Structures are given as structure tokens and as C-alpha cells.
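# Structure assessment
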Amino acid sequence: MLLLLPGFVYVCIVHAMIPFKSVPFLGFILWASGFSNSIAKGETWTTATNFAMPVGALPAFGLPFNVVQASLISLFDLQVLDSYALSADLFLAAALAGCFLLARHLGGTRAISAIIAVLFLTLPLIKESDFFGPLGMSFALLPTYFLVALRSWDRFSENELSPRAMAGTTALLVGTFVFALFLDGYGFAMFCFMSGFLTLWRGYDLLQRHEWRRLCVGATAFCAAVLIAVVLYSVSVASDGEMPVSDLSTFSSLSADVASIVMPTKGARAVYDWAGIVRSSSPWPNLGDSAVNFPGYLLLLVAGAGFVRGHWNSRLRYALLAAAVVAVIFSIGPSFKFDAREVSTATATSGELMGTPLPTAVLFEKMPGLKNMRASSRWLLVVDVSLVLFALAALMALDRRYGSGVATIAGLLLLVEAAPSLSGSLRAGEKAYAQERLLKREVVDDLGKLLKPGEMVYFRSARSNFYLPRVAGSLFVTYAAADLGIHAYNVGGDKNLSWLQPRWPQELRSIRKGICVVPNLISMIDQGALDAVVFPFFDTYWSVFQWPRSDAEIERGRREFRDLRLQARGFSVVEMPTFAVARRDRNAPDPGNIRPLGQRIEAINLETCGQTGWSDAVESVGIWTIAEKADLTLSFDKDIPAKGAIHAYVRAFTPPQHPQQRVTIFVNGVEAGTWDFHVGDGMMERRIAIPAGGASAGGDKRKMDLTFTISEPVAPAELHLSPDARRLGMALSWICVTDGDRACDAQ
């Protein structure tokens, strides 16, 4: 095993996992570290309690990794990035040893097995998966999982089937499958997939030998192990925390462009960059990119030779080949794409597909496991495992025919081909490490001066992230809350967020939809469910990927915060360079949503709760009317001018199937006029004069009651356009009231 020591050091450098110096990325690494830090400070080893109020959160994936990292934090009081890098090194060491033992199990010499283990862990698909935190460790361990499956079948096939032997082997299988599933679902699914092909191979051998009992015992043990793992995961991570099955368009955008499998991308490997045989990355960043997917020409050549000339059991070779071929098909997804510079779209049975639809599309809708793996390009990991094992067979053949020297040189050439720019990896890792230190100094430490440990806090995300239709939650809060020792309602991760939202107070669910933000915050404070509100001026998702954020983003967030006018609602506010913290005395009177006359009032600040005819969520276009009549009350800091005007930035729901819409506006019960909308009309500013007597008809000269009557609201579901059953009429993005012909003041 000493042969693995220099290989291990090299692997750590390639992955930039160097404690006190570098980590390869931030983002999901900080997200995972937030769970670990919270677990280390909490009372259980499974649930993080510093965020995901009121119930806490079990990591959606990576729990074994979190437990290891939490242990290091508790034992040695390490910073989160240092504990993460050290934990990753431990997992990489286990993966390296597992891959080495697999190669030895298949007949490789110590030197060749060490080279094969290092080769696998430095392939781009493994290295670049570090971006997703513990998921990368799951990918690195797939050969180890395969070794467990292979040795288990060896025992079921060859050893005496005593109850003790069967129990021990089954227990090992159960433990491995449970570990794999709690570490990550992708690795678990591919472990099951490869175990299935292994079972077909061993099953055929046992049937040839008429060993029915051994086949039944082995197959039952594998099925039981998978079932136990799934049941344990289901009862621990609630089933309603799983995201809905994605449609075909999602699979298409997250599947592999075929060019990325057969052509190298610049920046991925030092040798190809030096030789100049590279292409630019796909302009579609979600598609599997060559920097990750391309295995290497030399590896393909050597693996092909190993398949033809290797001395393994032929059925194992064919089982691995079949697994690799099926995995390639799965990775391509429901549509074919090659060097997708201009991607055509075609309609399949559900969703819009990028590229040319394939008959395999039905598998992504119906097949268990497959339909849950949104990023189907990751199936290429199975291909990489097969290629590396075929390369092992080739090096073994070279060793037998030409000696260990030739085989070692060939193996080292494979390592050279796979190698990235080591200096580039280290520079990127050091930059990420420095960015986290800066983020902590500039934001987290300042938050610590204003928030007390144990306080209940809600982070209202910057608008740029708040309205994403499938926001993955606040990764920043998951990281910061654990460091500060507070209890935040937010959480990062789409599965965790999906599970948490039904458990939030109703006020918080409305806040997240952009409805009556300030009144709902006041209600939570009055009920004793909230101590402070933090308003980051930056995107709380992307900020942990890249810090510092742009001045424009910070300034936009600051304007959005100030437009809430919290001081006028009884809040005390402390504004820092990148965020603000607001508090309020419980049960203090609320003067109401009084707005400056002449200033735009954004949809999110209209406070439509309690008023009829409006949707329960603010969307990118604003807020929709959902009935024949929608009421809206506006309060101002001055008397409404008798000869004023109402300006609104609006559009109507006018698809070709419903080409026109008429909206009639009433001011304090007096008709002001109509707006006509037609198909093709986009968002535009519309103006209507306040009718004679309309400004004072309501009695209170500083309050205006508006009524919008919609001629023919219609639901997209009625027109077979989408499942949306709301009867849509007009979308309102902002509104303002001005004196005469004056324009509205921007925020």
C-alpha cells in the first residue's frame, strides 16, 4: 500500500483538497459544510438545527461525509473549509484504496493497480464533480462499491453457504448500499445499475452449473440490501422532500452532447491544450461538457485493446461492455445533440426537447431510478469505470508479454493524458479558499455583531434569486447560520427547501411568494416566531460561488430593501455595506403601507392580501388578476390630486387562443376608462386619468380604492396550454399615481 502514498498526494493536488490552503470550489462545498458545522454544534449526528426552522434539516445527500466533517470540527475545532478538505482527503484515500483493491482482485500487479487507481480518481468526470460537494466523493467511490458487489458474488458463488457466511456477506451489502444512498442518490443508482449487470453475469454462470440455490441466495441478498437502503432513506429523508420528477425538457438540457464524449475541450487537460487539438466548450452550460465527459483518446485506445486482448473471464468483460453501452444511451438523454451551437427544439410527449427526440424518451418518464436522475450526463461515470478496468486488462497483458517496465510506462502515459494543469488547479483552489475568508470577514463576522446566538432569523433573499421558479434555496444561509449559532428559517438545497416549505408558518410561505411581505413579518414578530430579519443586498444562492459580488448587484439589493420602507412601519434598521438587519418591538402599532405620491409601487409592495381577485404569488411579470374583478387599495403620504393620473406597467393574458382582453378601471367607484389588450402585446406602461370626482369619492383624500374588471379571464388549462387553472386576466408589475402629466419616479 506504500505505493499509493505518492499517488494519494498527487490525487489531492489534482482535486485541490489541501487543508489550510485550497479547496476546488465554494458553492456546494460551503452548503455541505454548513450542515456539518451545525451537526457538530447540535445534539444529534443527523440533523442540522441552525437552519430550516422550525424542524431542522437532514442533508438531502452527503450525510456520511457530513458526519466525518462534523467529527473533525468537534475534535480539532477546524474552520469549515479546512475540515472539508481533510474530510475529502479521507474519502479520496478510501476511494483510492478501494480502486486499488478492485484492480488487485482482478489480477493486477501492485504497480499497475496503483496506477489504475490514481488514473480513475484524476479523470475529469471525478475531478469536476467536486463542484457538487459530497456528490464528487460518491462518484469516486463507485469502483469500491463495485468491489463489494464483486466479492459478495464471489462468496455466494464459491463459498459454503452457511448461515453465518450468508449473514456476514448480506450485512456488508446492506451497509454498503445504505452508505451509498445516504452519500448520494446518483452513486447509489449507478451502484445498483452495475450490480444488476454483475448479477446477470454471475447468474448465467450459476445457471450453467445448475447452482439454483446459490443464485437465489445471492439475488435475494442484493435485492434485500437495496430495499433496506431505500426504506431507511425514505423514513429518514421524508418522501415529500423529493423534488417532482422532471419533464423531458429538463433531462434534455442536462444530458450529454455527443460531441462532449468524443472531442476534447480546451482547459480540461494540459496535454491536449499543449497539442492544440481542442475545441471550445458548448455554449449550453447545462449540457455535459467535454471538460468533464471526454475520457481521452489514449484511454479509449488502451481500453479497446484491453477488451480484445485481456485475460479476464469473458463474461465479465461483456457485462462491463453492456453496462457501458447502456450508460452512454442513458447519458445522451431523451434527445440527440452533437456540438450544440444552435439547438433546434421539437415537441415530445411532455416538454420541449433540445436536439432530435429519441425513442428512449419514454424511459426518462417511466423507468424507476432513471426518471429521478435529472443530470443524465452523469451516467458516463459507469463508462469511465468500465474503461479504466479495460485499461487494467491491457496493462496486465503488456506486463505478461513485455514486462513490468513497459506496462508501467503505458500506465504513466495514461496518467499524463488525464492530467489537468496542476498549477491551474492549485491557483483556482487558493482563490476559492481566499474568497471564503473574505466572505466571512465582510459578511458573516459583521452579522455576528448584530445577531445573537439562538435568535430566530429570516433572511429575505435578494430579488434576483427570490423569484427563480425552482430556486435551490439560500446556500449562503446554510453556511452562515451554523457559523453564527442562530436559528434561521431558510435552507439551501432544492430537496431540503421542497420538504421544508409546507412546514413553514403560513406567513412565511406568503412572504416567499412575495405577498404582503411586511405585514407577514410583523405578524411573525408579534407571535414571537421571529426575532430579526436580515436583508442581504446580494443573491444568497450565487454569493457562495463567487465573492465579492458586483457593485451593481449590491446597489440593486439595497434599493429593493429601502423600497420596503421598514422604518415607516415601526422597524429599527441597521444598514451595513452588504446587508441590513431589521428588528421591531412586538405588538407595536403598524401605520400601514403608506407610499410616496408619484413613486412606483412594485407588485411585491402592493400588499394584496385581504383584497379580492389577485394571485397568491408575485411572478417575474408581476402579480396576476385571477377573477372578473380585482380590488386594490393604495395609501399615500399626500392628498391625491383631483387632476392626477394612474400609471401602470401591465400586460394581459392574450395567447392566440384568446386574442383580446378588456380591463375597465374604477377609481373610488367612479369609472375612469378601459385598457384594451391584444395578442402580441407585451409589458408596457399604460396611463389613465383620474375621473372627475374620483379622487375624493372615497372620503379619505390620501387613500384610493381601485377596481379592475376583466372582460374574459381564462385559465391556461382551459386552453390546453399548461396545467395552470388560475383564470388569468391582467398582470401588474408596478403602479403609481402622479399629479397631472408628471412621470413616475423610479425607486
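As the structure is a prediction and not an experimental result, all values here were calculated from the model.

### Topic: the overall build of the protein chain
In terms of regular secondary structure, the protein chain is built from 27 helices and 19 strands. Over its C-alpha atoms the protein chain spans a radius of gyration of 30 Å, differing by no more than 12% from the 27 Å that the globule rule assigns to 747 residues. With the C-alpha coordinates of the protein chain rotated into their principal frame, the extents come out at 100 × 55 × 55 Å. Here the protein chain holds 747 residues, and 56% of them are scored as buried. Partitioning the contacts of the protein chain with sequence separation of at least 6, the portion at a separation of at least 24 is 75%. Summing over all exposed atoms, the protein chain offers an accessible surface of approximately 29900 Å²; the carbon and sulfur share of this is 59%. Charged side chains of the protein chain number 66 positive and 65 negative; the gap between the two group centres comes to 5 Å.

### As for the state of the cysteines
Under the counting rule described, the total for this entry stands at 2 disulfides. Here Cys 736 pairs with Cys 744 through a disulfide, and the sulfurs are 1.7 Å apart. With respect to class, Cys 736 is no different from Cys 744; both count as buried. Cys 192 carries a free sulfur, and the closest cysteine sulfur to it, the one in Cys 223, is 9.7 Å from it.

### Thoughts on the packing of helix 16 (residues 297-309) against helix 20 (residues 404-418)
When two helices pack together, their arrangement is captured by the angle between the axes and the distance separating the axes. Relative to each other, helix 16 and helix 20 sit at 145°, their axes nearing to 9 Å. Contacts between helix 16 and helix 20 involve Tyr 297, Leu 298, Leu 299 and Val 302 from the former and Leu 413, Leu 414 and Glu 417 from the latter.

### Topic: helix 5 (residues 110-121)
Between the first and last C-alpha of helix 5 there are 17 Å, a value that for 12 residues agrees with the 16 Å anticipated at 1.5 Å per step. Counting buried residues in helix 5 gives 10 out of 12 residues, a clear majority hidden from the surface. Among all positions in helix 5, only Ile 112, Ser 113, Ala 114, Ile 115, Ile 116, Ala 117, Val 118, Leu 119, Phe 120 and Leu 121 are buried.

### What to know about the sheet that holds strand 13 (residues 629-636)
In spatial order, the strands read 10-13-18-15-16; together these 5 strands make up an open sheet with mixed pairing. Of all strands in the sheet, those with a lone pairing partner are strand 10 (594-595) and strand 16 (670-678), marking the two edges. Bridging between strand 13 and strand 18 (residues 703-710) involves 7 bridges; their strand directions are antiparallel. What sits directly across from Lys 629, in strand 18, is Thr 709.

### Focus on the pairing of strand 19 (residues 730-738)
Of all 9 residues making up strand 19, 9 are buried, and the element is well covered by its neighbours. Where strand 12 (residues 623-624) lies against strand 19, 2 bridges are found, and the strand directions are antiparallel. Bridge pairing in strand 19 places Trp 624 opposite Ala 731. Across 8 bridges, strand 14 (residues 645-652) lies against strand 19 in antiparallel orientation. Bridge pairing links Ala 648 to Ile 735 in strand 19.

Thresholds, definitions, all that
As a convention, each chain's residues are numbered from 1 in the sequence order in which they are written. Selection of residues for local features in this predicted model requires a pLDDT of at least 70, selection of side-chain atom pairs for listing and counting requires 80 or more, and totals for whole chains, interfaces and linings are taken over all residues. Excluded from the side-chain calculations are hydrogens and water; all other atoms, namely the structure's heavy atoms, are used. In DSSP terms, a helix is any run of H or I states spanning at least four residues, a strand is any run of E spanning at least two, and both are numbered starting from the N terminus. With the radius of gyration taken over C-alpha atoms, the globule rule is written as 2.2 Å times the number of residues to the power 0.38. The buried label goes to any residue with under 20% of its type's maximum accessible area, the exposed label to any with over 50%, and the partly exposed label to all in between, with areas taken from a 1.4 Å probe on protein chains only. By the convention used here, residues are in contact when the closest approach between their heavy atoms is within 4.5 Å. Accessibility throughout is a Shrake-Rupley quantity obtained with a 1.4 Å probe, and a residue counts as covered only by protein chains that appear here. Here the positive residues are Lys and Arg and the negative ones are Asp and Glu; neither His nor the chain ends is included. Each charge is placed at NZ for Lys, CZ for Arg, CG for Asp and CD for Glu. Two cysteine sulfurs form a disulfide in these notes if their separation is within 2.5 Å. Here an angle of 0 to 180 degrees is reported between the N-to-C directions of two axes, which are lines fitted to C-alpha atoms, with helices fitted over the stretch in contact. Multiplying 1.5 Å by the helix residue count minus one yields the expected span of that helix. A strand pair is defined by DSSP finding two or more bridges across the two strands.

Fair warning: the whole summary comes from geometry, so function is off the table for now.
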